[in-house]
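Here is what each chain is made of, one letter per residue.
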Amino acid sequence: MMEALILFGEFFKTGLFAIGGGLAALPFLYDMADKYDWFTKDMISDMIAVSESTPGPLGINMATYAGFQNMGILGGIIATLGIVTPSMIIIILISKFLKKFRDSKYVEQVFSTLRPTVTGLIAAAGFSVLVESLFHMDALKSGKVDWANFFQPKACILFVVFFVLMNKFDKHPIFYIVLGAMIGIIFQF
């Protein structure tokens, strides 16, 4: 029971403060990986891959995945409720008071300062995912850098290829997700 409350509380906190969507939740997930044995930092990349390739909001999908990893179906439900409850409460409160404060200079100032804050959170999370995806970070943690094993050549090549393709051809993101999944399957053989 206590673990369920902690799981709910951690994802409630994430839902309350991860303003800007699923990628803004990544710093909270990395923090959870440090504090609890629910999942590892390496598993966060898997969470992102699964969450990006399944329907629904990224943050909710990641919470469900992480909760399921910890406590099965019940954990998935608890983590999902934890991450969506703050948004539901805030939306209900905002809808009640929005008309009254719509033109407030204070409200406008809050939103104008939140935008760059959220951008910074998303950029930091994106950079962490990029580094974890392209490099073997364990090579740095050991103190001796084995440069031959530091880079993940397949991942680096895929990153460059997909970066170029996405900037050159205006295809739907689903196309690139499916293509990436197929390439991943091929790499397994």
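Residues numbered from 1 in each chain as written. Predicted model: local features only at pLDDT ≥ 70, side-chain atom pairs only at ≥ 80, totals over all residues. Heavy atoms only, no water.

J.: Can you walk me through the overall build of the chain in this structure?
T.: Along the backbone of the chain there are nine helices and zero strands. When the helices and strands of the chain are read in sequence order from the N terminus, they spell out α-α-α-α-α-α-α-α-α. Dimensions of the chain, computed from C-alpha atoms along their principal axes, come out at roughly 60 × 45 × 35 Å. A burial count over the chain gives 28% of its 189 residues as buried. Long-range pairs, those at least 24 residues apart, make up 47% of the contacts in the chain with a sequence separation of at least 6. Carbon and sulfur atoms form 71% of the exposed surface of the chain, whose accessible area is close to 12,600 Å². Treating the 14 positive side-chain charges of the chain as one cloud and the 14 negative ones as another, the clouds have centres 11 Å apart. (Helix = DSSP H or I, 4+ residues; strand = E, 2+ residues; numbered from the N terminus. Buried < 20%, exposed > 50% of the residue type's maximum accessible area, 1.4 Å probe, protein only. Contact = heavy atoms within 4.5 Å. Areas by Shrake-Rupley, 256 points an atom, 1.4 Å probe, with all protein chains shown as cover. Lys, Arg positive; Asp, Glu negative; His and termini not counted. Charge placed at Lys NZ, Arg CZ, Asp CG, Glu CD.)

J.: Sorry if this is basic, but what is going on with the pattern of salt bridges here?
T.: A side chain of one charge can pair with a side chain of the opposite charge when the charged atoms of the two come close. Per the stated rule, a full pass over the model turns up four salt bridges. Lys 35 serves as the salt-bridge partner of Asp 31, at 3.7 Å between the closest nitrogen and oxygen. On the criterion of helical spacing, the pair formed by Asp 31 and Lys 35 is a turn pair, its members being four residues apart in helix H2 (residues 26-35). Residue class for Asp 31 comes out partly exposed when judged on its relative accessible area of 33%. (Salt bridge = Lys/Arg side-chain N within 4 Å of Asp/Glu carboxyl O.)

J.: Looking at this model, I keep getting lost on a nonpolar patch on the surface. Mind explaining?
T.: On the surface, Leu 16, Phe 17, Ile 90, Ile 94 and Leu 98 cluster together into a nonpolar patch covering about 400 Å² of accessible area. The dominant element in the nonpolar patch, judged by the number of residues it contributes, is helix H4 (residues 58-101), at three residues. (Patch = residues over 30% accessible without salt bridge, like charges linked within 9 Å, V, L, I, M, F, W, Y side chains within 5 Å.)

J.: So what exactly am I meant to see when it comes to the packing of aromatic side chains here?
T.: Aromatic ring pairs are reported here in terms of the distance separating the ring centres and the angle at which the planes meet. The final tally for this structure, using the stated rule, is five aromatic pairs. Residues Phe 162 and Tyr 176 carry aromatic rings whose centres are separated by 6.2 Å and whose planes lie at 75° to one another, so their mutual orientation is edge-to-face. Of the two residues, Phe 162 sits in helix H8 (residues 153-168) while Tyr 176 sits in helix H9 (residues 173-187), which places them 14 residues apart along the sequence. With a relative accessible area of 7%, Tyr 176 lands in the buried category. Seen from their ring centres, Phe 175 and Tyr 176 are 5.2 Å apart, and the 80° between their planes marks the pair as edge-to-face. According to the relative accessible area criterion, Phe 175 is partly exposed, its value standing at 42%. Put simply, the rings of Phe 162, Phe 175 and Tyr 176 touch in pairs and so form one group of aromatic residues. (Phe/Tyr/Trp six-rings, centres within 6.5 Å; stacked < 30°, edge-to-face > 60°.)

J.: I keep staring at the nonpolar core and nothing clicks. Help me out?
T.: As a rule of thumb, nonpolar side chains are buried together in soluble globular proteins. By size, the foremost hydrophobic cluster in this structure holds 28 residues, and its most contacted members are Phe 11, Leu 26, Leu 29, Phe 39, Ile 44, Met 47 and Met 62. At the level of elements, helix H1 (2-17), H2, helix H3 (41-52), H4 and helix H5 (105-134) are the ones that each hand at least two residues to this core. In terms of residue count, the dominant contributor to this core is H4 (eight residues). Residues in contact with Ile 44, not counting those within four places in the same chain, are Leu 26, Leu 29, Tyr 30, Ala 33 and Phe 39. (Core = buried A, V, L, I, M, F, W, Y, C linked by side-chain atoms within 4.5 Å.)

J.: Explain the packing of H5 against H8 here, please?
T.: What describes two packed helices is the angle between their axes and the distance between those same axes. Running from amino to carboxyl end, H5 crosses H8 at an angle of 130°, the nearest separation of the two axes being 8 Å. Comparing the axis directions of H5 and H8 gives the class oblique. Packed against H5, whose contacting residues are Leu 130, Ser 133 and Leu 134, the element H8 presents Ala 155, Cys 156 and Phe 159 at the interface. Within the contact of H5 with H8, the residues separate by chemical class into five nonpolar, one polar and no charged. (Axes fitted to C-alpha atoms, helices over the stretch in contact; angles between N-to-C directions. Parallel < 35°, antiparallel > 145°, perpendicular 65-115°, else oblique. Nonpolar A, V, L, I, M, F, W, Y, C, P; charged D, E, K, R; others polar.)

J.: I would appreciate a short explanation of the side chain of Ser 104 in the present structure.
T.: Relative to the elements of secondary structure, Ser 104 occurs in the loop between H4 and H5. Side-chain polar atoms of Ser 104 contact the backbone nitrogen of Tyr 106, separated by 3.2 Å. (Polar contact = N/O pair within 3.5 Å; in protein donor to acceptor, adjacent residues only side chain to side chain.)

J.: Help me understand the confidence of the model for the chain, please; the structure alone is not making it clear to me.
T.: Detailed reading of predicted coordinates is not advised where the pLDDT is low. The predicted model of the chain averages 84 in pLDDT, with 93% of residues at 70 or higher. Mean pLDDT values over the elements of the chain span from 62, in helix H6 (residues 138-141), up to 91, in H1. (pLDDT = per-residue confidence, 0-100.)

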